[in-house]
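Reading the structure
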Amino acid sequence: MRAAQHALVIGLAETGASVARRLDAEGWHVTVIEDAPAATDRYRERVDAIRAAGARLVEAPDAATTRALASDVDLVVPSPLVRAEHPAIVAARATGVQVRSEIDLAAERASMPIVAVTGTNGKTTVTSMTTSMLSRSGVRAVAAGNIGRPLIDAIDDDVDVIVAEVSSFQLAFAETFAPRVAVLLAITPDHLDWHGTFDLYVASKARIAAHQPGEDLLVYDADDARARDVAAAAPARRVGVSLRQDALGTYHITGERLVTADGRDIASLRDLRRSLLHDRTNALASAAAALEVGGTLDGVRDVLASYETMPHRVALVGEANGVRWYDDSKATNPDATVRAVSSFDPVVLLAGGRNKGLDLSVLVSLSPRLRGVVAFGEAGPQIAEAFSVASRTPVVTVTSMHDAVRVARDLAQPGDVVLLSPACASFDAYTGYAQRGDDYAAEVRAQLAQEAKTG
């Protein structure tokens, strides 16, 4: 029998490096494999850090080496985005080696309650908003997980509550993860290029609630059929959030007021800094989570009145000649785009990028609200074809963000909204959605400055 346990960590990005350091500090013998070593300073810093901690690094191993390493350990921990068909995971499962997510390890070691947030859209906003509500209530809280620092690092913070954004990639390998409060927002198609099918994607999301004991709480979007299905099978207490006026027993809206499940007043819609439809759902879900772990109604109200939308999430860039320009570059799936467009009318929509295996034809359902569509990126022709078959909405295909903004200006009329809400990933042309949104904002500001000069 081994004197110490052995672990294999797959991937040396932020999460993998944090797991390696943690397990090494606990006395594990740790090996990290990195299939695609990067020639960057940040990567070399992580290499130096794990080696200094005592971990072994194997770069670009062949399949046979990977299988051998995975078969001779006690635990395999994949980094987010590592697929289930990775040779190390296949070999581990074939030989009975545990495969577990970083969030499992973190939750088992945490001394404070964890609020975990997942869903297809709105995760980051609800995580940030819940954290702010707790802080305003005098509860020491920190946001972690997919929003920034790995959860396994945050458990060392001197705080009362951790609010963690967790992704379907993390949940896919979670075997014991049981947050004190789980927040499940609407589940709509996304990341099918990774999960393979929508059913598998839904199953990954459902794992956020699968291991909660009965005294814990699941907050779920009662207006979403799949979230309702997950809630119906969940072992913990449950409370829904809904935008329906008749949704008694949930956090919902009565008249113009947000109320708790037991009818207590939260705030007026007029008091919210912004109250688009998805803002209301996010506000209710955040309030339900915060109030469960020590938040106060006063703290919740303060945040709702002052909370500023996060960058690239239907953020106003500028306004001129009666046209408002919004950046929603974070919308990397069709459902996010549908939700954003549904708050405005009429809209000139900028959409495109790299499709993630999703059905972009659902965007055609927005046609009654659309003045026109500017399609760009790898998926531009696919979007244009979908509208040409099923809609009379004008579509212009362009090859650059500069041209997209110029065409949108020509299509827009006073009273319109121009909305970058791509429904696709950004990796065909950008390093991420933030760079894409920044490019759009720069082009819009340049356009508005030019218009101001010409009168």
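One structure accompanies this document, and this report is about it. (Residues numbered from 1 in each chain as written. Predicted model: local features only at pLDDT ≥ 70, side-chain atom pairs only at ≥ 80, totals over all residues. Heavy atoms only, no water.)

1. Considering the overall build of the chain
When helices and strands are tallied, the chain shows 17 helices and 20 strands. The C-alpha radius of gyration of the chain comes to 23 Å, within 12% of the 23 Å expected for a compact globule of 455 residues. Sorting the 455 residues of the chain into buried and exposed places 56% on the buried side. Counted over contacts in the chain with a minimum sequence separation of 6, partners at least 24 positions apart contribute 65%. (Helix = DSSP H or I, 4+ residues; strand = E, 2+ residues; numbered from the N terminus. Rg over C-alpha atoms; globule rule 2.2 N^0.38 Å. Buried < 20%, exposed > 50% of the residue type's maximum accessible area, 1.4 Å probe, protein only. Contact = heavy atoms within 4.5 Å.)

2. Topic: the packing of aromatic side chains
In the structure shown here, the tally under the stated rule is three aromatic pairs. A ring pair is formed by Phe 169 and Trp 194, whose centres lie 5.0 Å apart and whose planes are at 70°; its orientation type is edge-to-face. Of this pair, Phe 169 sits in helix H8 (residues 168-171) while Trp 194 sits in helix H9 (residues 192-195), placing them 25 residues apart in sequence. The pair formed by Phe 169 and Trp 194 is uniform in burial state, with each residue classed as buried. In this structure, Lys 330 packs its charged tip against the face of Tyr 433, placed 5.5 Å from the ring centre. (Phe/Tyr/Trp six-rings, centres within 6.5 Å; stacked < 30°, edge-to-face > 60°. Lys NZ or Arg CZ within 6 Å of the ring centre and 35° of its normal.)

3. Considering unusual backbone geometry
Only a minority of non-glycine residues have a phi that is not negative, and only a minority of peptide bonds are not trans. Going from Asp 345 to Pro 346, the amide bond is cis rather than trans, its omega being -5°. In this fold, Pro 346 is placed in the loop between helix H14 (334-341) and strand E17 (347-352).

4. Details of the sheet that holds strand E9 (residues 181-184)
Read across the sheet, six strands follow the order E7-E8-E6-E9-E10-E11 without closing on themselves; strand pairing throughout is parallel. Edge positions in the open sheet fall to strand E7 (141-145) and strand E11 (237-241), since each of these has one partner strand only. Recorded for the sheet is a direction-independent mean angle of 20° between the axes of neighbouring strands. One ladder, built from four bridges, connects strand E6 (residues 114-118) with E9; its direction is parallel. From the neighbouring strand, Val 115 faces E9, where its bridge partner is Val 181. (Pairing = 2+ DSSP bridges. Axes fitted to C-alpha atoms, helices over the stretch in contact; angles between N-to-C directions.)

5. Side note on the sheet that holds strand E12 (residues 252-254)
Hydrogen bonds between backbone groups are what pair the strands of a sheet, and the pairing can be parallel or antiparallel. Pairing in this open sheet of three strands is antiparallel, and the strands run E12-E13-E14 from one edge to the other. In the strand order of this sheet, the two ends are held by E12 and strand E14 (265-268), each with one partner. The mean inter-strand angle of the sheet, taken between neighbouring strand axes irrespective of direction, is 35°. Of the pairings in the sheet, the one linking E12 to strand E13 (residues 257-259) comprises three bridges and is antiparallel in character. Bridge pairing in E13 links His 252 to Val 259. The strands touched by helix H13 (residues 297-306) are E13 and E14; relative to E14, the strand with the most contacts, the crossing angle is about 20°.

6. Quick notes on the nonpolar core
The biggest cluster of nonpolar side chains holds 54 residues, and the ones touching the most others in it are Ile 162 and Phe 177. With four residues, the top contributor of residues to this core is helix H1 (residues 14-25). For Phe 177, the residues in contact, after removing those within four places along its chain, are Ile 103, Asp 104, Ala 107, Ala 116, Leu 151, Val 166, Leu 171, Arg 207, Ile 208 and His 211. Counting 39 residues, the second-largest nonpolar core is a separate cluster that includes Val 163, Leu 185, Ala 289 and Ala 290. (Core = buried A, V, L, I, M, F, W, Y, C linked by side-chain atoms within 4.5 Å.)

7. Focus on the packing of helix H6 (residues 123-136) against H13
The N-to-C vectors of H6 and H13 enclose an angle of 130°; their axes lie 7 Å apart at closest approach. Taken together, H6 and H13 sit at an angle that is classed as oblique. For the pair H6 and H13, the crossing hand works out as right-handed. Seen from H6, the contacting residues are Met 129, Ser 132, Met 133 and Arg 136; seen from H13, they are Gly 299, Val 300, Asp 302, Val 303, Leu 304 and Ser 306. Grouping the amino acids of the contact of H6 with H13 by side-chain chemistry returns five nonpolar, three polar and two charged. (Parallel < 35°, antiparallel > 145°, perpendicular 65-115°, else oblique. Left-handed = near helix turned anticlockwise from the far one by under 90°. Nonpolar A, V, L, I, M, F, W, Y, C, P; charged D, E, K, R; others polar.)

Treat this as a map of the structure, not an account of what it does.
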